[in-house]
Amino acid sequence: MVTKGEYHSGLENVSGMESSMAAAAAPGDIIIGGIFAFHEGVDRSNQSFKPQVQPCTRLEEKGLPRALAMINAIEVINKSPLMSDVNITLGYRILDTCFDVSTALRATAALTQQADQEDGPRPVMAVIGSSSSELSIVIARQLTLKMIPQISYSSSAVILSDKSRFPAFMRTIPNDQHQTAAMVSLLSAYSWTWVGIIITDGDYGRSALDHFLTHASEKGICVAFKHTLPDSVTYQDVSSAITVAAKTILKTPKVRVIVSFTRSAHMTYLYKELQTQTAGHNMASARRVWVASDNWSTSSAAIGQLSLDDIGHIVGFTFKRGDLTSFNEYLSRLEAAKEDYTATNPFLKDFYEHLNYTKGSADTEQGSTAVNILRKYMNPGTVFSTEMAVSAIARAVASICRSRDCKTPGSVQPWQVLEALWMEEFTLRGKSYKFDKNGDINQGYDVIMWSQNESHIHVHDVVAEYHLHNNSFTHTDHSSTKTFKGLQGIISKCSTSCVPGEFKKTAEGQHTCCYECMNCTENYYSNDTDMDQCLSCNMNTEWSAEGSSTCIPKVLVFFSWQDSFAVVLLTFSALGILLTLLVSALFLHQCDTPVVRAAGGPLSQVILFSLVVSYVSAMLFVGQPNSFQCKARQVLYGISFTLCVSCILVKTLKILLAFQFDPALQEFLRRLFQPFVIISICVALQVATCICWLILKSPSDHITINSTTLLSACDEGSYLAFGVMLGYIAVLAFVCFICAFKGRKLPQQYNDSRFITFSMLLYLISWLLFIPVYVTTTGVYLPAVEMVVILISNYGILSCHFFPKCYIILWKKEQNTETAFINGLREYSNTNSVPQSKDSELHEQSSPSAHSVPTANPSSPAVLTHGGNTTSCTQLHRRSATLHCLRRRISI
């Protein structure tokens, strides 16, 4: 059974400072005040300097369910063990603010002044209300004077969390800082970066705007326009602002999402104005996604007679809701006993009278309709928040009354209730709650989405929950996920998204969300949409082309074994080694033949060995270089080819010594001519050069960073040492060339000079060409340049020095005989006059036992004496002795 309440009505007596206002009241040991808005405003038509109470106008359907929720919660608490254990009951006194600051102040004064009346009703120990942040702020300032605790169920302005200014204010909901963060998270989740915002002119709207802009800028969301509507809900007061806002919305078609921190009446006016401005046109141009704050997210009356097909989607945030079974049962009892309830609640009576006036039907019919309307305008989140406020006060009072008799007037003070509210934890439907340091209870939000069924608008069930602790959403079920997916195709951007490979370039003075897309430059990339700048690739290991979305690893390149050119050069190197070994084997087999002895005998094997080493060094120019390979290839080539050229130089000098030198120098040069000593000295100088090179600044492997590749190559270390090494070989080759050129007219069987001349000339020309090519060539094939020159040099020596002799040994065997060589020398001696002194010297070195030389007479003066001084002889004998001497000198 409902507790019968008191009903007081009357007008304020300003001069006597006494006021009597319409109130819904019920007696109790502890009185809880309630301040609700049952009307939308006051009638200001009667302007006067005389203070007067302005009558309330336009019934506000949402206010009555909130007050009824408070009444029901108090009645339920009074029947609970919590109150029966301390033997007290809660009463209430509920007044109307009419959504007007002056009226709210009068209502607050009416509640607080009763505390000074000793013979009056019990004073109010706590106040529940108001719904509006603007009204809660002015009420809180007045209640703070007596430290009367105030608990709001829907005032969410951030400023009210400032306990230095509002120490007695508390609320059972989060503040708007969390709601704006939730809205921005929703916008960010759907990539809506170009939005509009509409607010009301007041602390609630301005605070919400400031915090929304802060969160939006952090997420890269831009506000295309901001419109502030007057806080008044009278159309005359807001019409001009509504018209401007509607024009702005229609002129910015790219803004497909609008955030609204207004009241339900403001949205009704705005939708009607959009319909008016699109008259005669398709209203689809006015379709938007409307993100509604808790202030109107559940108000179906906001869209008036329009449908969702006309205005688009509405996504709203509401406070967490609880079990409404108790309140629905209360409304059912209200429907059955309307007369009992209206007798104690003037606001409920006004509600029924309003329905009778607008509908003009029977009372029974109106009773049924009234309850349905109350359920229609009921906000589940606000109802639950009101019940939480009552439970918190009841728990605080119970904790106080356990140690004292609270039935005695004055035994409990409001500040004591406030202290207990801060300290005590309360329970509602099995869940515990406690106010935080700001006096708030932060549960999060329910996200709802409006839907339409057979042209009737209704609020959809909760589709998601927002969690404050991690700023995230959780879908309630599969159907809600499907509902949310309907928003994915909506694009609200100032500019088209930049794809990976592009970055945003914003013009000076424009919003950061309005930009043009530019391709990333070379070696820069972007791997996501709408990136503010391109990222740099690691230039040492990566690269990217213009407009790339990723970096490409640089390929390590070198003169590879798989390279076709390398395969050709390696084939020639292997062939050269094989040919050299075959020639060496042939020369060893034919070592006693005149051709082999004339080719140098043992020196020819040294030359062939050096060529094999030189071919091996050429192979080291192929493959990925390493430190050992870089050092070995140059040193092996330098020493081996120096050995080769030194041996050729000795051969050249020997032939010249036999045929060309002036007789006065013969004996002196013959004694100086020590072949292996000369070779050792020449090679030792090159070895010394290479050792200094390796010690001071040796070659090493090196990675050259190119635009798209990494070139692995050998750094020669000291190019001076590299030049000295090659220059030294060139000097030896040039000396060989000069000496060989001087002996170009020697007998055919001993005519190595012509081949030496040609091979050295080939070497010098190839290495002279190598210098400019090597200097100007870069990249993978730089090692191939030196490799080619080495092969040319090797094949030049192999072809000129050994192939002709192999030809004679294999196919011209008749020329590889002593007789053929004697005939060749005889022809040379017949065609070239030998000086007498030279004949004498040659005769001295002739061995009488080597060959028989015919003489005219044993006692003749022409007989040559062995080992003695030079003796006169005939021209015939002189030529014969010359032949024997030449044969000995040019043979080793």
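Conventions we followed
Residues numbered from 1 in each chain as written. Predicted model: local features only at pLDDT ≥ 70, side-chain atom pairs only at ≥ 80, totals over all residues. Heavy atoms only, no water. Helix = DSSP H or I, 4+ residues; strand = E, 2+ residues; numbered from the N terminus. Buried < 20%, exposed > 50% of the residue type's maximum accessible area, 1.4 Å probe, protein only. Contact = heavy atoms within 4.5 Å. Areas by Shrake-Rupley, 256 points an atom, 1.4 Å probe, with all protein chains shown as cover. Disulfide = S-S within 2.5 Å. UniProt positions renumbered as here; feature names shortened; annotations may be inferred. Salt bridge = Lys/Arg side-chain N within 4 Å of Asp/Glu carboxyl O. Expected span 1.5 Å × (residues − 1). Axes fitted to C-alpha atoms, helices over the stretch in contact; angles between N-to-C directions. Parallel < 35°, antiparallel > 145°, perpendicular 65-115°, else oblique. Nonpolar A, V, L, I, M, F, W, Y, C, P; charged D, E, K, R; others polar. Core = buried A, V, L, I, M, F, W, Y, C linked by side-chain atoms within 4.5 Å. Phe/Tyr/Trp six-rings, centres within 6.5 Å; stacked < 30°, edge-to-face > 60°. Lys NZ or Arg CZ within 6 Å of the ring centre and 35° of its normal. Polar contact = N/O pair within 3.5 Å; in protein donor to acceptor, adjacent residues only side chain to side chain. Pairing = 2+ DSSP bridges.

The subject of this paragraph is the overall build of the protein. A tally of helices and strands in the protein yields 28 helices and 30 strands. Looking at the protein as a whole, 51% of its 892 residues are labelled buried. In the protein, the proportion of contacts linking residues at least 24 apart, taken out of those at least 6 apart, comes to 69%. Accessible area of the protein: about 40,200 Å², with a carbon and sulfur share of 57%.

Moving on, we come to unusual backbone geometry. Cis geometry is found at the peptide bond from G129 to S130, where omega equals -5 degrees. By the element assignment, S130 lies in the loop between β7 (124-128) and α4 (133-144). For N523, which is not glycine, the phi torsion reads 70 degrees and is therefore positive. Among the structural elements, N523 can be located in the loop between β23 (516-519) and β24 (524-525).

Moving on, we get to the state of the cysteines. By definition, a disulfide is the covalent link that joins the sulfur atoms of two cysteine residues. If you walk through the whole model with that rule in mind, you get 8 disulfides. With a sulfur-sulfur separation of 1.9 Å, C494 is cross-linked through a disulfide to C514. Measuring the twist about the S-S bond at about 105 degrees, one finds the C494-C514 disulfide to be right-handed. Highlighted residues: C494 in the loop between α16 (478-485) and β22 (502-505) and C514 in the loop between β22 and β23, separated in sequence by 20 residues.

So, on to the UniProt feature "transmembrane region" (unreviewed entry) in the protein. The UniProt entry lists residues 565-588, 600-623, 635-656, 676-696, 719-743, 755-775 and 781-803 under the feature "transmembrane region" (unreviewed entry), expressed in the numbering used here. Taken end to end, residues 676-696 is 100% helix and 0% strand, and its two terminal C-alpha atoms sit 30 Å from one another.

This structure, assessed with the given rule, holds 13 salt bridges. With a shortest N-O distance of 3.7 Å, R395 and E424 are connected by a salt bridge. A residue pair is termed long-range when its members are at least 10 positions apart, and R395 in helix α14 (residues 380-401) and E424 in the loop between α15 (414-423) and β15 (426-428) qualify at 29 residues. You can call E424 partly exposed: its relative accessible area is 25%. With a closest N to O distance of 3.5 Å, E716 and R633 form a salt bridge. Placement of E716 in the loop between β30 (709-715) and α23 (719-742) and of R633 in helix α20 (residues 627-659) is noted, with a sequence separation of 83 residues between them.

Attention shifts here to α4. If you check α4, its first and last C-alpha atoms are 16 Å apart, about what 12 residues at 1.5 Å a residue would give, namely 16 Å. Summarising burial for α4: 9 of the 12 residues are buried, a large majority. Taken together, the buried positions of α4 are occupied by S133, E134, L135, S136, I137, I139, A140, L143 and T144. On its buried face, α4 is in contact with β3 (30-36), α3 (101-113), β7, β8 (150-152), β9 (169-171) and α6 (203-218).

Here we come to the packing of α4 against α6. At a closest axis distance of 7 Å, the pairing of α4 and α6 adopts a crossing angle of 110 degrees. Between α4 and α6, the angle is such that the two are roughly perpendicular. In this structure, α4 contributes S133, E134 and I137 to the contact, and α6 contributes D203, Y204 and G205. Residues that form the contact of α4 with α6 fall into these classes: 2 nonpolar, 2 polar and 2 charged.

The next point concerns the nonpolar core. With 68 residues, the main nonpolar core has L68, M70, I94, I128 and L421 as its most contacted residues. When residues in this core are grouped by element, the largest group, 13 residues, is from α14. If sequence neighbours within four positions are ignored, M70 has contacts with I32, G33, G34, F36, Y92, I94, I128, T386 and V390. Membership of the second largest hydrophobic core comes to 65 residues, among which are L611, I679, A721 and L732.

The next point concerns the packing of aromatic side chains. Overall, the coordinates contain 30 aromatic pairs when judged by the stated rule. Taking the centre distance of 6.5 Å and the plane angle of 70 degrees together, the rings of F384 and Y433 count as edge-to-face. Here the residue F384 occupies a position in helix α14, and Y433 occupies one in strand β16 (residues 431-433), the gap between them amounting to 49 residues. The burial state of F384 is the same as that of Y433; both residues are buried. Consider the rings of F559 and Y781, whose centres lie 5.7 Å apart with planes at 70 degrees: the pair is edge-to-face. Remark: Y781 occurs in the loop between α24 (752-776) and α25 (782-811) and F559 occurs in the loop between β28 (555-557) and α17 (564-589); sequence separation between them is 222 residues. One aromatic cluster is present, built from ring pairs that chain together Y637, F641, W693, F722, Y763, W767, F770 and Y774. One residue, R263, lies across the ring of F99, its end atom 3.8 Å from the ring centre.

Positionally, S492 belongs in the loop between α16 and β22. Of the residues examined, S492 reaches a relative accessible area of 0% and is grouped as buried. Here W194 takes part through its backbone oxygen, which lies 2.5 Å from a polar atom of the side chain of S492. A polar side-chain atom of S492 sits 3.1 Å from the main-chain amide nitrogen of R256. Excluding residues within four positions of it along the chain, S492 makes contact with S191, W192, T193, W194, V195, K254, V255, R256 and V257.

Our next topic: the pairing of β30. Most of β30 is tucked away, with 5 of its 7 residues classed as buried. In this structure, β28 lies alongside β30, joined through 3 bridges in parallel fashion. Pairing of L556 across the sheet is with L710, part of β30. Taken together, the 6 bridges between strand β29 (residues 700-705) and β30 define a ladder with antiparallel strand orientation. By the bridge assignment, I703 is partnered in β30 with S712. Between β29 and β30, which pair antiparallel in sequence order, lie 3 residues.

What follows is about the packing of α14 against α15. Contact pair α14 / α15: the axes reach a minimum separation of 8 Å and the direction vectors enclose 110 degrees. Considered as vectors, α14 and α15 are oriented roughly perpendicular to each other. Here A392, I393, A396, V397, S399 and I400 of α14 come into contact with α15, specifically with Q416, V417, A420 and L421. Counted by class, the contact of α14 with α15 contains 8 nonpolar, 2 polar and no charged residues.

Within the secondary structure layout, F770 lies in helix α24. Of the residues examined, F770 reaches a relative accessible area of 3% and is grouped as buried. The spatial distance from the C-alpha of F770 to the C-alpha of V789 is 7.0 Å, given a sequence separation of 19 residues. Every residue in contact with F770, bar those within four places of it in the chain, is listed here: F722, L726, V785, E786 and V789.

Let us look at the pairing of strand β12 (residues 257-261). Of all the 5 residues making up β12, 5 are buried; the element is thus mostly covered by neighbouring parts of the structure. As defined by bridge partners, strand β10 (residues 194-200) adjoins β12 across 5 bridges and the pair is classed as parallel. Paired with V195 across the strands is V257, a residue of β12.

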